[in-house]
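What follows is the residue order along each chain.
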Amino acid sequence: MIPAWLLASQGGILRAASISVCQKCGAPILAGLDSDKCAIHAKVDITPVDELGETVALMQGRHTYDLIGNWQRKELEYRYSWNINAPRRYPVLVEHRCGEPIPF
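Basis of the calculations
Residues numbered from 1 in each chain as written. Predicted model: local features only at pLDDT ≥ 70, side-chain atom pairs only at ≥ 80, totals over all residues. Heavy atoms only, no water. Helix = DSSP H or I, 4+ residues; strand = E, 2+ residues; numbered from the N terminus. Buried < 20%, exposed > 50% of the residue type's maximum accessible area, 1.4 Å probe, protein only. Contact = heavy atoms within 4.5 Å. Pairing = 2+ DSSP bridges. Axes fitted to C-alpha atoms, helices over the stretch in contact; angles between N-to-C directions. Salt bridge = Lys/Arg side-chain N within 4 Å of Asp/Glu carboxyl O. Core = buried A, V, L, I, M, F, W, Y, C linked by side-chain atoms within 4.5 Å.

## Brief notes about the overall build of the protein chain
Phase 1: The number of helices and strands found in the protein chain is 3 helices and 6 strands.
Phase 2: In sequence order, the protein chain lays out its α and β elements as α-β-β-β-α-β-β-α-β.
Phase 3: Taking all 104 residues of the protein chain together, the buried fraction comes to 31%.
Phase 4: Long-range contacts, defined as pairs at least 24 residues apart, comprise 58% of the intrachain contacts of the protein chain with a sequence gap of at least 6.

Structural data, given as structure tokens:
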């Protein structure tokens with residue numbers, strides 16, 4: 001059995017994003033930790049955005065996240081400037097704001 005602290009330090013099951021519902025507006029969201037260390041609890045809209053949608057989100061002051069993983073488990077990974085400038089490898093999701101979906 002792998003100790004919980006070791007799983008947490010390497011991602012593990014504690015990093016898995018889960019589908020949920022926003023408590024304020026009732027919209028479907030994904031929620032989970034955005035990093036292995038010094039993580040914050042991220043809540044994102046479930047619809048991926050293209051490059052234009054990400055640009056709009058960033059101009060609104062929202063964070064964006066890569067949705068990484070396999071068919072069994074997904075994780076949210078914060079997109080730093082070097083991720084944004086590089087070719088995309090994963091679907092990109094936008095920080096959730098009630099009543100303000102990104103239409104791209």
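## Let's talk about the environment of Glu77
Phase 1: Tracing the sequence through the fold places Glu77 in strand E5 (residues 74-78).
Phase 2: Since its relative accessible area comes to 27%, Glu77 is described here as partly exposed.
Phase 3: Sequence-wise, Glu77 and Asp34 are 43 residues apart; in three dimensions their C-alpha atoms are separated by 4.9 Å.
Phase 4: With sequence-adjacent residues up to four places away left out, Glu77 is seen in contact with Arg15, Asp34, Thr64, Tyr65, Asp66 and Ile68.

## Observations regarding the sheet that holds strand E2 (residues 28-33)
Phase 1: Strands sit in the order E1-E2-E3 across an open sheet of 3 strands; the sheet is antiparallel. Pairing within the sheet leaves two strands with one partner each, and these edge strands are strand E1 (18-21) and strand E3 (41-45). The average angle at which neighbouring strand axes cross in this sheet is 40°, direction not considered.
Phase 2: As paired strands, E2 and E3 are joined by 5 bridges and run antiparallel to one another. What sits directly across from Ala31, in E3, is Lys43.

## Digging into the pattern of salt bridges
Phase 1: Overall, the coordinates contain 7 salt bridges when judged by the stated rule.
Phase 2: As a salt-bridge pair, Arg88 and Glu51 come within 3.7 Å of each other at their nearest N and O atoms. Of the two residues, Arg88 is situated in the loop between helix H3 (81-85) and strand E6 (92-94) and Glu51 in helix H2 (residues 51-59); the sequence distance between them amounts to 37 residues.
Phase 3: Residues Arg73 and Glu75 are paired through a salt bridge, measuring 2.6 Å at the closest nitrogen-oxygen approach.
Phase 4: Taken together, the salt bridges that share partners define one network made up of Glu51, Glu54, Asp66, Arg79 and Arg88.

## Focus on the nonpolar core
Phase 1: Residues Ala17, Leu30, Ala42, Val44, Tyr65, Leu67, Leu76 and Leu93 constitute the largest nonpolar core, which totals 8 residues.
Phase 2: At the level of elements, E3 and strand E4 (64-69) are the ones that each hand at least two residues to this core.
Phase 3: If we skip the residues at most four places from it in the chain, Leu93 touches Leu30, Val44, Asp45, Ile46, Thr47, Pro48, His63, Thr64, Tyr65, Leu67 and Leu76.
Phase 4: Val49, Ala57, Val92 and Ile102 belong to the second largest nonpolar core, which has 5 residues in total.

## Points about the side chain of His96
Phase 1: Position of His96 relative to the elements: it lies in the segment after E6.
Phase 2: Sequence-distant contacts of His96, that is, excluding residues within four places in its chain, are made with Cys22, Cys25, Ala27, Ile29, Lys43, Val44 and Asp45.

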